[in-house]
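# Overview (structure and organization)
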Amino acid sequence: MIILRPFYLNQLIAAKGNRMIKIITGIRRCGKSFLLFEIFCDYLNSIGVDEDHIIKISIEDRANKELRNPDKLLSYINERIVDKEQYYILLDEVQMVEDFVGVLNSLLLIRNADTYVTGSNSRFLSSDIVTEFRGRGQDIHMYPLSFSEYYNSADVDKNTCWRDYYTYGGLPQTLFLSDGKARRDYLNHLANTVYIADVVERHRIQNKPELDELLQILASMIGSPCNPTKLSNTFKSIKNINISNKTISKYLSHLCDSFLIEKSLRYNIKGKKYINTLAKYYFTDVGIRNALLGFRQLEQTHLMENIIYNELLYRGYTVDVGVVDLVEKNRDGKSIRKQLEVDFVATDSFTRYYIQSAFAIPNEEKMKQETNSFRNINDSFKRIIIVKDDLMPYQNKDGILIVGLFDFLLNPELFSQF
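Report on the accompanying structure.

Calculation notes
Residues numbered from 1 in each chain as written. Predicted model: local features only at pLDDT ≥ 70, side-chain atom pairs only at ≥ 80, totals over all residues. Heavy atoms only, no water. Helix = DSSP H or I, 4+ residues; strand = E, 2+ residues; numbered from the N terminus. Rg over C-alpha atoms; globule rule 2.2 N^0.38 Å. Buried < 20%, exposed > 50% of the residue type's maximum accessible area, 1.4 Å probe, protein only. Contact = heavy atoms within 4.5 Å. Areas by Shrake-Rupley, 256 points an atom, 1.4 Å probe, with all protein chains shown as cover. Pairing = 2+ DSSP bridges. Axes fitted to C-alpha atoms, helices over the stretch in contact; angles between N-to-C directions. 1 Å grid on protein atoms, 1.4 Å probe; cavity = no way out; pocket = protein on both sides within 12 Å on 5 of 7 lines; lining within 4 Å. Points joined across faces, edges and corners; volume = space filled by probe spheres on them. Nonpolar A, V, L, I, M, F, W, Y, C, P; charged D, E, K, R; others polar. Lys, Arg positive; Asp, Glu negative; His and termini not counted. Salt bridge = Lys/Arg side-chain N within 4 Å of Asp/Glu carboxyl O. Patch = residues over 30% accessible without salt bridge, like charges linked within 9 Å, V, L, I, M, F, W, Y side chains within 5 Å. Disulfide = S-S within 2.5 Å. Parallel < 35°, antiparallel > 145°, perpendicular 65-115°, else oblique. Left-handed = near helix turned anticlockwise from the far one by under 90°.

### Things to note about the overall build of the protein
Along the protein, the regular secondary structure elements total 15 helices and 13 strands. Taken against the 2.2 N^0.38 rule, which gives 22 Å for 418 residues, the C-alpha radius of gyration of the protein at 23 Å falls within 12% of a compact globule. Across its three principal directions, the C-alpha atoms of the protein cover 85 × 50 × 45 Å. By residue count, 53% of the 418 residues in the protein fall in the buried class. Counting only contacts in the protein whose residues sit at least 6 apart along the sequence, the fraction spanning at least 24 positions is 65%. With an accessible surface of roughly 19600 Å², the protein has 47% of that area assigned to carbon and sulfur atoms.

Below, the structure is given as structure tokens:
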């Protein structure tokens, strides 16, 4: 079985020949190498590019160890460019080359070469490389399989697919493993001996158990507002461990840079400004999140919220947590200030959506609770509630769009149809 990734292939096709280094980033094992060496190469072949005009080098391959020397790598590439036709240079794990920045700068000078690179997050973060190549590099960020990609590749019904997806996540290899134990073993291995080890090695972290504990706390509190000080207090009260908020802040930054987690800022909708006091953290892959907790806390409510967040990022939205300030009178007539929350404020170049994730809305009281923040927003952007029920999308009397989870995950054009 080959899992085609047309969303990313189309980005590579659109960037072809733009005189920039194409930089494919993303969490380990999300499919970057396969995208470049298999899917993109097949596309190049299909438009008539000869194999000898595609220079593919996996720097991680032991057979290519000598090419980790920058001068030998450049010499190897130059020897294969023998005419003025277009060449495509594909480098996997380029961070293993000494002075890879200098190598890529040299490749930019070859007029008939178009260069594409991938790298592991431990040494090749988008923030590092895109800063170095500002104006000369294009970042194509890759995520694990979306639910739609997973569903279209798995030979199961939607409900079974959902159960597997919220349990094992979207790393492509999980689809090729035969049973739940094999998937759990695979994800446990990645979580404990690959991802965390990358962060520890890159940042020379001395106290790995602290980092392990932080990840488990974050995994247990998906969707809960927090900050380094709050997390430091959690360590003291629950774990009886003293870790400064400065240390936790550094750890959070490292985990975000490694693409293990994503940070969602709080945005004051009425005040139109960001609030820096608290933020929410979500896991790039819920399978890794579950592995960190030993597959013990599989609450669909929190996992559904995380998956909706990831889907919005996958579709190209900037995703914040919305805050709505409200002043109400109490029984004594005294004014009290309240803050209501909108799970997600999803924004792109053209529009904005206010989105609530609600596993179920069994009665009118729950509907009122879920829509309270919406009713106190005074702009005209679309308001949406995503529920787990497989129901026909509809707008209620307040103009709020209610959609089922599967319709949202499988139909990216859904919002624009109402």
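### Remarks on the sheet that holds strand β9 (residues 335-347)
Taken in spatial order, the eight strands line up as β7-β6-β8-β9-β10-β11-β13-β12 in an open sheet, and their pairing is mixed. Each end of this open sheet is capped by a strand with a single partner; those strands are β7 (273-283) and β12 (394-395). Pairing geometry for strand β8 (residues 318-329) and β9, over 11 bridges, is antiparallel. Paired with V323 across the bridge in β9 is E341. Docked against the sheet, helix α11 (residues 245-257) engages β6 (261-268) and β7, running at close to 110° with respect to β6.

### Structural notes on empty space enclosed by the protein
Using the criterion set out here, one finds two cavities of 30 Å³ or more in the structure. Put simply, the largest cavity is a space of about 150 Å³. Lining the largest cavity we find 14 residues, and of these P144, L145, Y165, T284 and N310 sit closest to its centre. Of the residues assigned to the lining of the largest cavity, the class counts are seven nonpolar, five polar and two charged.

### Examining the sheet that holds strand β3 (residues 87-92)
The five strands lie next to each other as β2-β3-β4-β1-β5, forming an open sheet whose pairing is parallel. Two strands in the sheet have a free side with no partner beyond their single neighbour: β2 (54-58) and β5 (137-142). Sheet twist, expressed as the mean angle between neighbouring strand axes with direction ignored, is 15°. By the bridge criterion, five bridges tie β3 to strand β4 (residues 113-118) in an arrangement that is parallel. The partner of I89 across the bridge, within β4, is T115. With respect to the sheet, helix α1 (residues 6-15) is in contact with β1 (21-26), β4 and β5, its orientation differing from that of β5 by roughly 170°.

### Some remarks on the side chain of E262
If you trace the backbone, E262 turns up in strand β6. Here E262 sits buried without a salt bridge, and the closest side chain of opposite charge, K263, lies 11 Å off (N-O distance). Not counting the four nearest positions on each side in its chain, E262 is found in contact with H141, Y143, K280, Y281, Y282, T284, Y309 and L313.

### Overview of a nonpolar patch on the surface
Together, I2, L4 and F34 make up a nonpolar patch on the protein surface, roughly 320 Å² of accessible area in all. Here I2 lies in the segment before α1.

### Describing the side chain of S153
Mapped onto the secondary structure, S153 falls in helix α6 (residues 147-153). S153 gets classed as buried once you look at its relative accessible area, which sits at 18%.

### Observations concerning the state of the cysteines
On inspection of all chains with the given rule, the structure shows zero disulfides. Left unpaired, C226 is separated from the closest cysteine sulfur, that of C256, by 10 Å. Look at C226 and you get buried, because its relative accessible area is 2%. By relative accessible area, C256 is classed as partly exposed at 21%.

### Brief notes about the packing of helix α10 (residues 228-239) against α11
Where α10 meets α11, the closest approach of the two axes is 8 Å, and the angle between their N-to-C directions is 110°. Between α10 and α11, the angle falls in the class roughly perpendicular. At the point where α10 passes α11, the crossing takes the right-handed sense. In contact with P228, T229, L231, S232 and F235 of α10, α11 contributes N245, I248, S249 and L252. Within the contact of α10 with α11, the residues separate by chemical class into five nonpolar, four polar and no charged.

### Some details on the pairing of β7
As judged from the eight bridges shared by β6 and β7, these two strands associate in the antiparallel manner. Within β7, the residue paired with R266 across the bridge is I275. Counting the residues in the hairpin turn of β6 and β7 gives four residues, including K272, whose phi is positive at 55°.

### Here we look at the environment of E85
Counting through the fold element by element, E85 comes out in the loop between α3 (70-80) and β3. Residue E85 is classed as exposed on the basis of its relative accessible area, which comes to 52%. Measuring from C-alpha to C-alpha, the distance between E85 and A113 comes to 8.7 Å, with 28 residues separating the pair along the chain. With sequence-adjacent residues up to four places away left out, E85 is seen in contact with H53 and N112.

### Topic: the environment of V97
Its location among the elements puts V97 in the loop between β3 and α4 (100-108). V97 sits in the buried class, given a relative accessible area of 3%. Distance from V97 to D71, taken between C-alpha atoms, is 9.9 Å for residues 26 residues apart in sequence.

### Quick word on unusual backbone geometry
Unusually for a residue other than glycine, R19 sits at a positive phi of about 65°. With respect to the helices, strands and loops of the structure, R19 is situated in the loop between α1 and β1. A positive phi angle, close to 55°, is found at F295, a residue other than glycine. Tracing the backbone through its elements, the reader meets F295 in the loop between α12 (286-292) and α13 (300-314).

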